[in-house]
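Okay, here's what each chain looks like letter by letter:
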Amino acid sequence: MWVTSSCTAALTPTSVALGNFDGLHLGHRQVVQPILNRSPDQNSAAILASGPNLRSNAGRDENLESEPPATCYNDSAAPPDRAGSPHNFDGLIGPKAEGNSLSGIDSDGVDRLYGTVVTFDPHPQEFFTGQQKKLLTPLAEKVELLEAMGVEQLVLLPFDRELAALTACEFVEEILVRQLKASRISVGVDFRFGRGRAGTAVDLQSIALGYGIDVALVPLHNCGEGDRISSSAIREGLASGDLTRANQLLGRPYSLVGTVVGGQRLGRTIGFPTANIELPPEKFLPRFGVYAVRVSLKHGWEKMKEESSSYQRENPQSLIPGAASNLSFVNGVMNVGCRPTVDGLQPTVEVHLLDWSGDLYGQTLSASLVEFLRPEQKFASLDALKTQIQADCDIARSVLTAKV
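The rules we used
Residues numbered from 1 in each chain as written. Predicted model: local features only at pLDDT ≥ 70, side-chain atom pairs only at ≥ 80, totals over all residues. Heavy atoms only, no water. Helix = DSSP H or I, 4+ residues; strand = E, 2+ residues; numbered from the N terminus. Contact = heavy atoms within 4.5 Å. Areas by Shrake-Rupley, 256 points an atom, 1.4 Å probe, with all protein chains shown as cover. Buried < 20%, exposed > 50% of the residue type's maximum accessible area, 1.4 Å probe, protein only. Arc of directions from axis to C-beta. Salt bridge = Lys/Arg side-chain N within 4 Å of Asp/Glu carboxyl O. Pairing = 2+ DSSP bridges. pLDDT = per-residue confidence, 0-100. Phe/Tyr/Trp six-rings, centres within 6.5 Å; stacked < 30°, edge-to-face > 60°. Lys, Arg positive; Asp, Glu negative; His and termini not counted. Polar contact = N/O pair within 3.5 Å; in protein donor to acceptor, adjacent residues only side chain to side chain. Axes fitted to C-alpha atoms, helices over the stretch in contact; angles between N-to-C directions. Parallel < 35°, antiparallel > 145°, perpendicular 65-115°, else oblique. Left-handed = near helix turned anticlockwise from the far one by under 90°. Nonpolar A, V, L, I, M, F, W, Y, C, P; charged D, E, K, R; others polar.

### Topic: the overall build of the chain
So, step 1. A tally of regular secondary structure across the chain gives 11 helices and 21 strands.
So, step 2. Long-range contacts, defined as pairs at least 24 residues apart, comprise 77% of the intrachain contacts of the chain with a sequence gap of at least 6.
So, step 3. Entry remark: accessible area of the chain is about 18,000 Å², with carbon and sulfur atoms responsible for 51%.

### So, helix H9 (residues 243–250)
So, step 1. Every buried residue of H9 is accounted for by Leu243, Ala246, Asn247, Leu249 and Leu250. The arc enclosing the buried residues of H9, seen along the axis, measures out at 160 degrees, which places them on a common side.
So, step 2. Count one or two residues on from H9 and you reach glycine 251, which has phi positive near 85 degrees.

### What about unusual backbone geometry?
If a residue is not glycine, its phi is most likely negative; likewise, a peptide bond is most likely trans.
So, step 1. Omega for the bond connecting threonine 12 with proline 13 falls within 30 degrees of zero, at -5 degrees, which places this linkage in the cis form.
So, step 2. Along the chain, the position of proline 13 falls in the loop between strand S1 (2–4) and strand S2 (14–18).
So, step 3. Following aspartate 121, the chain continues to proline 122 via a peptide bond in cis, the omega torsion being 0 degrees.
So, step 4. Within the element layout of this structure, proline 122 appears in the loop between strand S5 (114–121) and helix H3 (124–129).

### Re the pattern of salt bridges
So, step 1. Taken as a whole and assessed by the stated rule, the structure comprises nine salt bridges.
So, step 2. Of the charged contacts, one joins arginine 178 and glutamate 174 as a salt bridge, the two residues approaching to 2.3 Å between their closest N and O atoms. Of this pair, arginine 178 and glutamate 174 both sit in helix H6 (residues 168–179), four residues apart, which is roughly one turn of the helix.
So, step 3. Of the residues examined, arginine 178 reaches a relative accessible area of 41% and is grouped as partly exposed.
So, step 4. The salt bridge involving arginine 228 is made with aspartate 190; its shortest N-O contact spans 3.0 Å. With arginine 228 in strand S12 (residues 227–228) and aspartate 190 in the loop between strand S7 (182–188) and strand S8 (192–193), the pair connects residues that are 38 residues apart, well separated along the chain. Each member of the pair, arginine 228 as well as aspartate 190, carries the same accessibility label: buried.

### Re the pairing of S5
So, step 1. Most of S5 sits out of view: eight of its eight residues are buried.
So, step 2. Here S5 shows a buried face lined by Tyr114, Thr116, Val118 and Phe120 and a second buried face lined by Gly115, Val117, Thr119 and Asp121.
So, step 3. Bridge count between S2 and S5: five bridges; the pairing is parallel. Considered in S5, the bridge of threonine 14 is made with tyrosine 114.

### Things to note about the confidence of the model for the chain
So, step 1. In the predicted model, the chain carries a mean pLDDT of 78, and 71% of its residues have values of at least 70.
So, step 2. Throughout residues 58–88 the model reports pLDDT below 50, and contacts reaching past four residues in sequence, or to other chains, amount to 101 contacts.
So, step 3. Within the model, pLDDT remains below 50 along residues 299–324, and this stretch shows 68 contacts once partners closer than five positions in the same chain are excluded.

### Regarding the packing of aromatic side chains
So, step 1. Applying the stated criterion to the full structure yields six aromatic pairs.
So, step 2. Between the aromatic rings of phenylalanine 127 and phenylalanine 128, the centroid separation amounts to 5.2 Å while the plane-to-plane angle is 75 degrees, which identifies the pairing as edge-to-face.
So, step 3. Ring geometry for phenylalanine 128 and phenylalanine 159: centres 5.6 Å apart, planes at 75 degrees, overall edge-to-face. Of this pair, phenylalanine 128 sits in helix H3 while phenylalanine 159 sits in the loop between strand S6 (153–158) and helix H5 (161–165); the two residues are 31 residues apart in sequence, bridging distant segments of the chain.

### Re the pairing of strand S19 (residues 348–353)
So, step 1. Counting buried positions over the six residues of S19 gives six, a clear majority of the element.
So, step 2. The two faces of S19 match: Thr348, Glu350 and His352 on one face and Val349, Val351 and Leu353 on the other face are all buried.
So, step 3. In this structure, strand S14 (residues 275–278) lies alongside S19, joined through two bridges in antiparallel fashion. Each bridged residue has a counterpart across the sheet, and for alanine 275 the counterpart in S19 is valine 351.

### Topic: the side chain of arginine 252
So, step 1. Counting through the fold element by element, arginine 252 comes out in the loop between H9 and strand S13 (255–261).
So, step 2. The charged side chain of arginine 252 is buried without a salt bridge, its nearest counter-charge being glutamate 141 at 6.0 Å.
So, step 3. There is a polar contact of 3.0 Å between the side chain of arginine 252 and the backbone oxygen of leucine 24.

### Details of the environment of valine 143
So, step 1. Among the secondary structure elements, valine 143 is positioned in helix H4 (residues 139–149).
So, step 2. Between the C-alpha atoms of valine 143 and valine 3, which are 140 residues apart in sequence, the distance is 8.3 Å.

### Considering the packing of H6 against helix H7 (residues 201–209)
So, step 1. For the pair H6 and H7, interaxial distance at closest approach is 10 Å and the crossing angle is 55 degrees. Compared by their axis directions, H6 and H7 come out oblique. Judged by the twist between their axes, the crossing of H6 over H7 is right-handed. Only Leu204, Ile207 and Ala208 of H7 make contact with H6, whose side of the interface consists of Ala168, Cys169, Val172 and Leu176.
So, step 2. Grouping the amino acids of the contact of H6 with H7 by side-chain chemistry returns seven nonpolar, no polar and no charged.

Following this line, the structure appears as structure tokens:
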């Protein structure tokens, strides 16, 4: 997938899905589907596979999860690098899908549209408040999820005062028409954009019509027992430990993805060695406590202590259901919190892998949260903590075996 922070470096012409897409939940996927270069049958199958009990809420237009202003540079020069930002780059991320050429000509010899997601960096809310926005899907996770869906290009519009000053008409003309050469656009019906967030999705449709651009307005959706699918609702579920609700709205388990780093090695002294996972600082943390998790490992460097039902050699589903993967899953118990028993001060994420041993330092792990087991608590002694961890492991085995 081609990823760029410069409109002028984008592959054109484009078919654009526009928004923030934090979490890439079930509702976001409905916005992305119309711009994918798939046959109608493939798109229909993908929508049907995107999650259970997905219901349109087309009659509602309240702005419960409004997208912020959509703006970008209005000159032809690439935006300057921002010191310390890892998000200013142009490059091909990940392997190209079979038959997914970067050529602008399709098999019939005519211009093709690049399926493109356009989003904003930093998150506009972060820009206007000056406070870091905690994200459900930091950039690396978002790239993986979009690529698994079949998106060919991600354009990260650098968000600054100049970007925020563009009117709705200026944004459409300068960014979507002149720079991205969009022929098709997909947005949610609650999308807002332009200076002061004055432009609505209907305004976008009306303005784009003057340029001959088709705009798909995707209705809001409910899931399960009527929950509105939104990033805010997912955060609420995670913050309360309600993984069932959060994962249902996401359409997949919420994952914590990071690099294994050195820790205090306290776990191995009580018989439960843990991998300390360093997350991106902007990653949204769920409720502090203990979770049953499935951790993805790359083939080739795992070492088994014993054959166990906690280890599965079959290719698991990727973050997007139905996508192939070269990973294996190992069941585990994860603690998220400050470790009050040992007077910890900063939040840490530690996972103990069940029936597995090996050197994980420097590796990137992805832990999918399956069930919240208990809140964080302080124990009177390390022996008491050890007893509780053993109980947590027993419960996790039972839970994860039942949910295979």
